[in-house]
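Architecture and fold: a report
Chain residues, written in single-letter form:
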Number of protein chains: 2
Amino acid sequence: MEYTVQKLGRLAGISTRALRYYDEIGILKPARINSSGYRIYGVKEVDRLQQILFYRELEISLERIKAIMNDPSFDLNEALKAHREQLLDKRKQLDLIIANVEKTIASSEGRMIMSDKEKFEGFKQKMIEDNENKYGNEIRGKYGNKTVDKANEKVMNMAQEDHEEAGRLAEEIKAALAEARKTGDPSSETAQKAAELHKQWLMFYWSEYNKEAHADLAQMYVDDERFRKYYDEKHPGTAEFLRDAIHIYTVK
Amino acid sequence: MEYTVQKLGRLAGISTRALRYYDEIGILKPARINSSGYRIYGVKEVDRLQQILFYRELEISLERIKAIMNDPSFDLNEALKAHREQLLDKRKQLDLIIANVEKTIASSEGRMIMSDKEKFEGFKQKMIEDNENKYGNEIRGKYGNKTVDKANEKVMNMAQEDHEEAGRLAEEIKAALAEARKTGDPSSETAQKAAELHKQWLMFYWSEYNKEAHADLAQMYVDDERFRKYYDEKHPGTAEFLRDAIHIYTVK
DNA sequence: CTACACCTTTACGCAGCGTTAAAGTCAACC
DNA sequence: GGTTGACTTTAACGCTGCGTAAAGGTGTAG
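Here goes a summary of the coordinates provided. (Residues numbered from 1 in each chain as written. Chains lettered and ligands numbered in written order. Predicted model: local features only at pLDDT ≥ 70, side-chain atom pairs only at ≥ 80, totals over all residues. Heavy atoms only, no water.)

**Looking at the overall build of chain A**
Rule in force here: Put simply, DSSP H or I for four residues or longer makes a helix, DSSP E for two residues or longer makes a strand, and each gets a number counted from the N terminus. The cut-offs for exposure are 20% and 50% of the maximum accessible area for each residue type, with area from a 1.4 Å probe on protein chains only; residues under the lower value are buried, those over the upper are exposed, and the others partly exposed. Residue contacts are defined here by distance: any two heavy atoms, one from each residue, within 4.5 Å place the two residues in contact. Using the Shrake-Rupley algorithm and a 1.4 Å probe, accessible areas are obtained, with residue cover drawn only from the displayed protein chains.
Assigned secondary structure in chain A consists of 13 helices and 2 strands. In chain A, which comprises 252 residues, the proportion classed as buried is 41%. The long-range fraction of contacts in chain A, counting pairs at least 24 apart against all pairs at least 6 apart in sequence, stands at 58%. Accessible surface for chain A amounts to roughly 14000 Å². Of this, 49% is attributable to carbon and sulfur atoms.

**Topic: helix α1 (residues 5-12) of chain B**
All names here are of chain B. Defined as follows: Read the arc as the range of directions from the helix axis to the C-beta atoms.
Taken together, the buried positions of α1 are occupied by Val5, Leu8, Gly9, Leu11 and Ala12. Down the axis, α1 shows its buried residues gathered within 160° of arc, on one side only. Residue Gly13 follows α1 closely and has a positive phi angle near 75°.

**Examining the protein's contact with DNA strand D**
This is how it is decided: Only a single heavy atom is needed: when it lies within 4 Å of a molecule or strand, its residue is near that molecule or strand. A 3.5 Å cut-off defines polar contacts: any pair of N or O atoms within that distance qualifies, except that in protein one atom must be a possible hydrogen donor and the other a possible acceptor, and neighbouring residues in sequence count only when both atoms are side-chain atoms.
Around DNA strand D, 18 residues are found, and the nearest of them are Gln6, Arg20 and Arg39 of chain A together with Ser15 and Ser36 of chain B. Of all atoms in DNA strand D that approach within 4 Å of the protein, 75% are sugar or phosphate atoms. A distance of 2.4 Å separates a phosphate oxygen of DNA strand D from a polar atom in the side chain of Ser36 of chain B. Backbone polar atom of Leu62 of chain B to a phosphate oxygen of DNA strand D: 3.2 Å apart, as the coordinates give it. At the level of elements, α1 (5-12) and α2 (16-24) of chain A together with α2 (16-24) of chain B are the ones that each hand at least two residues to the surface near DNA strand D. For the surface near DNA strand D, the leading source of residues is α2 of chain B, giving 4 residues.

**Focus on the protein's contact with DNA strand C**
Note the cut-off: The classification used treats Ala, Val, Leu, Ile, Met, Phe, Trp, Tyr, Cys and Pro as nonpolar, Asp, Glu, Lys and Arg as charged, and all other residues, Gly among them, as polar.
Around DNA strand C sit 18 residues, and of these Ser15 and Ser36 of chain A together with Gln6, Arg20 and Arg39 of chain B come closest. Interatomic distance of 2.8 Å between a side-chain N/O atom of Thr4 of chain B and a phosphate oxygen of DNA strand C. A distance of 2.8 Å separates a phosphate oxygen of DNA strand C from a polar atom in the side chain of Arg39 of chain B. Secondary-structure elements contributing two or more residues to the surface near DNA strand C are α2 of chain A together with α1 and α2 of chain B. Sort the elements by how many residues they give to the surface near DNA strand C and α2 of chain A lands first, with 4 residues. Counted by class, the surface near DNA strand C contains 7 nonpolar, 6 polar and 5 charged residues.

**Describing the environment of Lys174 of chain B**
Positionally, Lys174 of chain B belongs in helix α9 (residues 160-183). The class of Lys174 of chain B is partly exposed, set by a relative accessible area of 36%.

**Observations concerning the packing of aromatic side chains**
Residues and elements named next belong to chain A. Heads up, the condition is: By convention, a stacked pair of Phe, Tyr or Trp rings (six-membered ring in the case of Trp) has centres within 6.5 Å and planes under 30 degrees apart, an edge-to-face pair has planes over 60 apart, and any other such pair is tilted.
By the definition in use, this model includes 2 aromatic pairs over all chains. Ring centres of Tyr21 and Tyr22 lie 6.5 Å apart, and the angle between their planes is 50°; this geometry places the pair in the tilted category. Residue Tyr21 is classed as partly exposed on the basis of its relative accessible area, which comes to 36%. Under the relative-accessibility criterion, Tyr22 is labelled buried at 3%.

Purely spatial values, then, with no claim about function.
This is how it looks when you write it as structure tokens:
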């Protein structure tokens, strides 16, 4: 069977330009050139093109493909088996990404909540690791994995309504805190109410309440820049005020 | 948390050049520029970059990503669903290519014949031309579709271990054949053992054994140049010898 | 004060083609 | 045998997503 550029292109699903380019760079030369200068490809070229496409599917550069295929020690069978393995790996990766997209869809429809980390699961990027280490691990080490992990777990699986409810609670806490700060007294009634609200809010994320952990968390709000920023946004010192209120609350 | 180019690059697993490029094309601008002209990125930019990488993994051009992320009426949900469809398509195509590799392996081992069209299955989005293969169709007509198709099906679904086991068997057959050929007698014990091994090997690919089909296949090994080549590689006449041995084996 | 690792802009290079442009070829139908 | 229309050719520039200098400024540790 003989093919002109377009016929081979249609057969293989690539453009005529690509075939001419392959000729140009010497990775796939036609079997012969006819009297009018047309490129004519034969059976061997078809097979070679198939090989090229296999490699290209693995995102190997044409340069390297050429080197590989011109290597006299090139073992077709071995190469094919390697292809199979690599393609199976690729499929696994793809499955991860598909799972990710599905989770993201669920998340965008409010059926699920994703942690930032989850959002990027499936992408080979090592990513946040370094960063996670700086803060995440530090805090984990200090306050224990269980507390943080359980919170994460619950946050991740929490239904949307819960999230909204928690959001309302968070607003209430903010309001109560703003009110309480005017008194300047963390043991005041409003301050203690804020601490109580904070406990309730926490219970959306923690599986079980524990005074010590609550007190530790309050300290974390002061120690960790990101948390502190959240509370101190409008009124500096709020994080510390909340910590004090919670510390009083937890020993009562 | 604030990041310079290199820090953010390390965080996200991309180059500083890429970050400058993203700034240049306006897809990701730093939160601010410090007094020395350094790019400083903040939390929002980190999130945005993660989004960008997410889209990029889905093989969307930066141009489109930019449009997507700048368009306030962009429907995330719709886009995600479209992405999912594309990814599922991609997986289907990948499965086709994997099946293609499996078939090509079978073909290179002489267990199967592929039409030119088949060789590119999975690479093309659409199958357009019916490009008839001289051999494939001929032999299908001659020996029946069922035999060949069933073999294909099984090859495609075959598990890894089976494949390796089959490979070992193929080696055994080769060895037995080489041994048997010395006797020159296809009815000799070693020749019959080779035929028996060949049957076992076949059973990796056929769903059920059938003496007639086995005998037909043996004849095919002689008739078809490509199969014959595989067996005659070292010792011409081996294909015929095997055929004779199998013919004797199948009437026993 | 000196390393040295960072940062900046400018600018050319590269793969793997897509895309004209200008011109020749082939088969079919009139 | 002439025209059409789908094919082919070479030559050349364009595009994306950066890599890779080059030439210089900055930050900080020793």
